[in-house]
There are 2 protein chains.
Amino acid sequence: MISELEQIGQQAQQAAFVLGQLATTVKNQALLAMAQALRTNQAAILAANQQDLQLADKLPAKFIDRLRLTSERINQMAQGMEQVANLPDPIGVVERGWVNHAGLQIVQQHVPLGVIGIIYEARPNVTADAAALCFKSGNAVILRGGKEALKTNLQVGAVMQQALSKLNLPANAIQVISDPAHETANQLMQLTDYVDVLIPRGSSRLIQAVVQHATVPVIETGAGNCHVYVDQSADFAMAEKIILNAKCQRPSVCNAMEKLLVHEKIAADFLPELAAKLTTAGVEIRGDQAVQQILGAAVVPATMADWKTEYNDLILAVKVVPSMETAIEHINQYGTKHSETIITQNYENSERFLSLVDAAAVYVNASSRFTDGFEYGFGAEIGISTQKLHARGPMGLPELTTTKYLVRGNGQIRK
Amino acid sequence: MISELEQIGQQAQQAAFVLGQLATTVKNQALLAMAQALRTNQAAILAANQQDLQLADKLPAKFIDRLRLTSERINQMAQGMEQVANLPDPIGVVERGWVNHAGLQIVQQHVPLGVIGIIYEARPNVTADAAALCFKSGNAVILRGGKEALKTNLQVGAVMQQALSKLNLPANAIQVISDPAHETANQLMQLTDYVDVLIPRGSSRLIQAVVQHATVPVIETGAGNCHVYVDQSADFAMAEKIILNAKCQRPSVCNAMEKLLVHEKIAADFLPELAAKLTTAGVEIRGDQAVQQILGAAVVPATMADWKTEYNDLILAVKVVPSMETAIEHINQYGTKHSETIITQNYENSERFLSLVDAAAVYVNASSRFTDGFEYGFGAEIGISTQKLHARGPMGLPELTTTKYLVRGNGQIRK
């Protein structure tokens, strides 16, 4: 007896086999058709979303905002799919090729991963975004969103499946899991026979749960406890501008700044004006003893927990450090290896910081908010990997592929 | 309270920080010094090995042969380290670089993974081989070999550590776990705070245990249920030569052939002569009904289990198929996605087979025994990945790295 989820897995695998062979033009046509279908079926999607919203009416306003779809948001989802259609196809690209000592023609070519599982929370736009990226890269996708968005996700999934069926393409290329039970998510994490990769998207709690329970290989995304270190030689005006941007422009996201480290030689000169501007911007400042001495009573004392915490909010913990080396040590100890920044005018320090800090992206004199697939010019983003295997940093379409060695011979045997 | 294993992890992380900054020449000098130290300390290593061998005297001869070191084998280990010293350094290599829309200079550069855990069985040469590859790629390594080889591994580890200390390099770059308890291996698989990647090397039972228990990301290596499909258009002489090589040249390894699929139109012509040669070479043939009809009583009937089994021995299961499509379906269902081969003179079939078979390496008219880091020209091999994330197929030094984005700006903020 095969479980319902295993059947979904099997169907996905069969669809992936077809998908891996599709021409780029066929995939692009399908993406445009799915985008159009989202617009055409707007009413049905909004009705399903309304049902989800009614059940969610006791949840926090922030949560409900993420869950809510509007005509405009559906149009954005459709535009996203159209943008993915315009991106280069990562499949078939040859990574390298050579002739070995025995005369074998060896080519390493990019091919789809196969079946990708996406586990996410209450943003229904992820359903369309992730489906588009997986589809373009020739992968079948199994989508498991938050139960609060279930009816919306199922409707969005059904609309995309109908569009695929109309083109005689396998509808099972995109499947939304309809069983909201927690146990189903756990089963998906163990479905090694059918799922090649799991990508969790959402809170660090969700991601850690997936890392802990999955036997399917996981690409860890997300958590960002990002630091800015202001060096002794920093240009104060530039430092202020970058800090205000990195902290305040969108505090809820993973590439936002969470911690400020300031060299002790400039702390007393630099901090008061910065603190005033941060306070004006609504930022709560938490400081170590040295910061408290400089800024006085306005500062909340920072505790050990502060150095480890990703606030995702208008809070900034500030620490005075005796040297860049101490700053680097602090970052390598408490950071989440996401995005780390130095503000400096000193060439040697910039190079040492770039080299010694262990993170997906290390910045000199720029805002960490740039760690993003679109800002990097990838035209898309499935997430930001904070692990070291396979992909590190913003992941676009090429990161949704693996490779295969094609070896052409004429009778070679091994000696 | 920190456990002994956590302490090993912490020490490895500290060593990795130093290692990641070492110049290529310094790493090469250290590798040459460690190689020399293995030769100089041969007596101590052989004495430790003798102790392991005495405890193992009730184990099978094959097992004892793997465990046994000789003067010649120690010299081979040393030569292996010297060869690694001669390979290009994968660290610092720039994968790509560009300027983004905001004028940021973005460079994606190869850096070490950090700390690598290797879990392996009774071959003590892995201790030196894996240490050399990890060291050259700037990674600290934690080695956990089979308990039967414990004294040997500890002695080899101590010799390498002494050589590092003499050069004022961190001895903890190479650590051998001394606690043989099963529980320690399980703890290592969960040591996410300190270990970046686990690479199991050995039997598929070992590898599956690691995949099941690890929360540290794993690179799966090994299992190879490799097929050869002989197409209707095959050159019989070439097919015979390749099959005898792929099956018999070294049957115990993962890239050896395990299954033969033959097109029904040529089976009666092709199989009898091949079977005679295989039998002469000591190969036991197991066949489906069609094969039994052609070859008669000499053939052992193949069961369902045969199609799934990696024998690693002089056994070959043979099946007659009505078409190439059936062969591909069979391979994608029962194969382990390692190395798969077609023998054909038909151009279209060669291209379709390359495209439709899902495996790390797909061969036309060549022996699957070529799936190997040395044969591919990598100069080294840490294993053959059969998973799709990070690395697929033979892994050399570049596969022991990750990347980091270095981003140089002049005050850019996100709009």
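Given the structure is predicted, the values throughout are model-derived calculations rather than measurements.

Q: Report on the side chain of Glu240 of chain B, specifying residues and quantitative values.
A: As for its position among the elements, Glu240 of chain B is in helix α10 (residues 236-248). A relative accessible area of 9% means that Glu240 of chain B is categorised as buried.

Q: I'd like to hear about helix α1 (residues 4-19) of chain A, residue by residue, with values.
A: Residues and elements named next belong to chain A. Along its 16 residues, α1 runs 22 Å from first to last C-alpha, staying within 8% of the 22 Å computed at 1.5 Å per residue. Among the residues of α1, Leu5, Ile8, Gly9, Ala12, Ala15, Ala16 and Leu19 are the ones counted as buried. Projected onto a plane normal to the axis of α1, the buried residues spread over an arc of 130 degrees and lie on a single side. Against the buried residues of α1 lie β3 (115-120), α6 (125-136), β4 (140-144), β5 (174-176) and α8 (182-189).

Q: Go over the relation of the copies chain A and chain B, please, and point to the residues and values.
A: Rotating chain A by 180 degrees and translating it 0.0 Å along the rotation axis places it on chain B, where the RMSD comes to 0.0 Å. On this basis, the relationship between the two copies can be described by a two-fold rotation axis. Within chain A, His390 of chain A has its C-alpha nearest the rotation axis, a separation of 1.7 Å. Of the residues that chain A buries at the interface, 100% are likewise interface residues in chain B, meaning the two copies contact each other through the same surface.

Q: Could you give an account of the environment of Arg408 of chain B, with specific residues and numbers?
A: Take Arg408 of chain B: it is sitting in strand β16 (residues 401-412). In this structure the C-alpha to C-alpha distance between Arg408 of chain B and Pro124 of chain B, which are 284 residues apart in sequence, comes to 46 Å.

Q: Can you explain the domain arrangement of chain A? Please cite residues and give values.
A: When its domains are assigned, chain A resolves into domain 1 (4-220 + 389-408) and domain 2 (226-370). Once you take the C-alpha centre of each, domain 1 of chain A and domain 2 of chain A turn out to be 36 Å apart.

Q: Explain the sheet that holds β4 of chain A to me, and be specific about the residues and the numbers.
A: Residues and elements named next belong to chain A. One open sheet accounts for four strands, arranged β5-β4-β3-β6; its pairing is parallel. Of all the strands in the sheet, just β5 and β6 (197-201) have a single pairing partner and so form its edges. On average, each strand axis in the sheet is inclined to that of its neighbour by 20 degrees, with strand direction left out of account. In terms of strand pairing, β3 meets β4 through five bridges, oriented parallel. Note on β4: the bridge partner recorded for Val115 is Ala140.

Q: Account for helix α11 (residues 264-280) of chain A, with residues named and values stated.
A: Residues and elements named next belong to chain A. Here α11 is 17 residues long and its end C-alpha atoms lie 24 Å apart, about the 24 Å a rise of 1.5 Å per residue gives. Where α11 bends most, at Phe270, the angle is about 45 degrees, and the proline Pro272 comes one to four residues later. For α11, the full list of buried residues reads Ile266, Ala267, Phe270, Leu271, Leu274, Ala275 and Leu278. Its buried side turned inward, α11 meets β7 (226-230), α10 (236-248), β8 (257-263), β9 (284-287), α12 (289-295) and β11 (315-321). Positive backbone phi, at 90 degrees, marks Gly282, one or two positions downstream of α11.

Q: Just give me the short version of the interface of chain A and chain B, but keep the residues and values in it.
A: Residue-level contacts link 69 residues of chain A with 69 residues of chain B. Across the chain A/chain B interface, buried area totals approximately 6000 Å², and carbon plus sulfur atoms make up 52% of it. The largest share of the area that chain A buries against chain B comes from Leu389, Tyr405 and Arg414 of chain A, three residues that together contribute 14% of it. Counting across the interface, chain A meets chain B through 10 salt bridges. Here Arg408 of chain B and Glu351 of chain A are joined by a salt bridge, their closest N and O atoms 3.0 Å apart. Summed over the shared surface of chain A and chain B, the result is 51 residue pairs in polar contact (both at pLDDT 80 or more). Elements represented by at least two residues in the side of chain A that touches chain B include exactly β1 (94-99), β2 (105-112), α9 (204-213), α10, α15 (347-356), β13 (361-366), β15 (393-395) and β16 (401-412) of chain A. Per-class residue counts for the side of chain A that touches chain B are 33 nonpolar, 21 polar and 15 charged. Direction of pairing for β13 of chain A relative to β16 of chain B: parallel, over a ladder of five bridges. Looking across to β16 of chain B, one finds that Ala361 of chain A is bridged to Tyr405 of chain B.

Q: Could you give me a rundown of the state of the cysteines, with the residues and numbers involved?
A: All names here are of chain A. For the structure shown, the criterion picks out zero disulfides over all chains. Note on Cys226: no disulfide assigned, nearest cysteine sulfur contributed by Cys254 at a separation of 7.0 Å. For the unlinked cysteine Cys248, the closest cysteine sulfur is that of Cys226, found at 14 Å.

Q: Kindly report on the pattern of salt bridges, identifying the contributing residues and their values.
A: What the rule picks out here adds up to 36 salt bridges over all chains. Its salt-bridge partner being Lys277 of chain A, residue Glu240 of chain A comes within 2.5 Å of it at the nearest N-O pair. On the criterion of sequence distance, the pair formed by Glu240 of chain A in helix α10 and Lys277 of chain A in helix α11 is long-range, its members being 37 residues apart. What makes Lys277 of chain A partly exposed here is its relative accessible area of 35%. In this structure, Arg286 of chain B and Glu284 of chain B form a salt bridge, with 2.7 Å as the shortest nitrogen-oxygen distance. Ionic contacts of the salt-bridge type, sharing partners, join the residues Asp196 of chain A together with Lys337, Asp358, Lys388 and Arg392 of chain B into one network.

Conventions we followed
Residues numbered from 1 in each chain as written. Chains lettered and ligands numbered in written order. Predicted model: local features only at pLDDT ≥ 70, side-chain atom pairs only at ≥ 80, totals over all residues. Heavy atoms only, no water. Helix = DSSP H or I, 4+ residues; strand = E, 2+ residues; numbered from the N terminus. Buried < 20%, exposed > 50% of the residue type's maximum accessible area, 1.4 Å probe, protein only. Expected span 1.5 Å × (residues − 1). Arc of directions from axis to C-beta. Contact = heavy atoms within 4.5 Å. Least-squares fit on C-alpha atoms with pLDDT ≥ 70 in both. Domains from an automatic or database assignment. Pairing = 2+ DSSP bridges. Axes fitted to C-alpha atoms, helices over the stretch in contact; angles between N-to-C directions. Bend = angle between axes of the 7 residues up to and from the residue. Buried area = accessible area lost by both parts, 1.4 Å probe. Salt bridge = Lys/Arg side-chain N within 4 Å of Asp/Glu carboxyl O. Polar contact = N/O pair within 3.5 Å; in protein donor to acceptor, adjacent residues only side chain to side chain. Nonpolar A, V, L, I, M, F, W, Y, C, P; charged D, E, K, R; others polar. Disulfide = S-S within 2.5 Å.

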